[in-house]
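A closer look at the structure
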Amino acid sequence: MATGEAFTSEQLERLNRALELAQKHSGVRFGVRLGSVRGDVRLAAERILSTLVEDPARDPAVLILVSPGQCFVRVATTPAARKRISDSASGLAALTMTSSFSLGDLVGGLTTGIRQLGEAAGPAAPAHAAPISSPAAGSPAAH
């Protein structure tokens, strides 16, 4: 796909499905931004990433920033996501994506990278763990 071309509806569906599955599995918010970046790429990624969540220290989120015309991929994580996704896992996902991109498969690279990052984050924590109940006063305790 040439730079500037819109995704087909099928490609958008594949990409959205990958995002939904990774988010559902891991509880991490994922975002993708394609296009050119002015200035410092790291700062641009952090600025965009901060718009994905309310509290980056508490809310896990990942941004994949890709500029095919500038030939870069940047995976940015909030501090909460960084606790679950190592730098090496992010680097491996970026390498996988760039390999697919070099073959002209932008959507395939993104979907694979998103899946890898979701798997690296691991399963989402349960919303509410059931409290451990203690025996009621006066009832026999099982030992």
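Refer to the structure printed above.
Summary of the structure given here. Note that this is a predicted model, so its numbers are computed, not measured.

Axis separation between helix 1 (residues 9-26) and helix 5 (residues 106-121) bottoms out at 8 Å; the angle between their running directions is 5°. Taken together, the axes of helix 1 and helix 5 lie roughly parallel to each other. Facing helix 1, whose interface residues are Q11, R14, L15, A18, L19, A22, H25 and S26, helix 5 presents V107, G108, L110, T111, I114, G118, E119 and A121. Tallied by class, the residues present in the contact of helix 1 with helix 5 amount to 8 nonpolar, 6 polar and 2 charged.

Time to look at the environment of V62. If you trace the backbone, V62 turns up in strand 2 (residues 61-67). Sequence spacing of V62 and L52 is 10 residues, and the spatial spacing of their C-alpha atoms is 8.5 Å. Contact partners of V62, with chain neighbours within four places excluded, come to V28, R29, F30, G31, L49, L52, V75, A76, T77, A81, I85 and L117.

In terms of backbone geometry, most residues other than glycine have negative phi values and most peptide bonds are trans. With a phi close to 60°, C71 is a non-glycine residue in the positive phi region. Of note, C71 is situated in the loop between strand 2 and strand 3 (72-77).

Right, let's get into the side chain of S100. Positionally, S100 belongs in helix 4 (residues 87-102). What S100 contacts, discounting residues up to four positions off in sequence, is D105, G108 and G109.

Another aspect to go through is the pattern of salt bridges. Summed over the entire model, instances satisfying the criterion amount to 3 salt bridges. When the shortest N-O distance is used, the salt bridge between E46 and R42 registers 3.0 Å. Remark: R42 and E46 occur in helix 2 (residues 41-50); sequence separation between them is 4 residues, near one turn of the helix. For D59, the salt bridge is made with R58, and the minimal N-O distance between the two is 3.1 Å. Judged by its relative accessible area of 16%, D59 falls in the buried class. Judged by relative accessible area, R58 falls into the exposed class, the value being 57%.

On to helix 1. Here helix 1 spans 26 Å end to end across 18 residues, near enough to the 26 Å set by a 1.5 Å rise per residue. Along helix 1, the residues classified as buried are L15, A18, L19, A22 and S26. Within helix 1, the buried residues cover an arc of 95° as seen down the axis, which keeps them to one side. Of the exposed residues in helix 1, those oriented more than 90 degrees away from the buried face are S9, E10, E13 and K24. Contacts from the buried residues of helix 1 go to strand 1 (29-34) and helix 5. The positive-phi residue at the C-terminal boundary of helix 1 is G27, with phi of around 80°.

Thresholds, definitions, all that
Residues numbered from 1 in each chain as written. Predicted model: local features only at pLDDT ≥ 70, side-chain atom pairs only at ≥ 80, totals over all residues. Heavy atoms only, no water. Axes fitted to C-alpha atoms, helices over the stretch in contact; angles between N-to-C directions. Helix = DSSP H or I, 4+ residues; strand = E, 2+ residues; numbered from the N terminus. Parallel < 35°, antiparallel > 145°, perpendicular 65-115°, else oblique. Contact = heavy atoms within 4.5 Å. Nonpolar A, V, L, I, M, F, W, Y, C, P; charged D, E, K, R; others polar. Salt bridge = Lys/Arg side-chain N within 4 Å of Asp/Glu carboxyl O. Buried < 20%, exposed > 50% of the residue type's maximum accessible area, 1.4 Å probe, protein only. Expected span 1.5 Å × (residues − 1). Arc of directions from axis to C-beta.

Remember that the coordinates give geometry; whether it matters functionally is a separate question.
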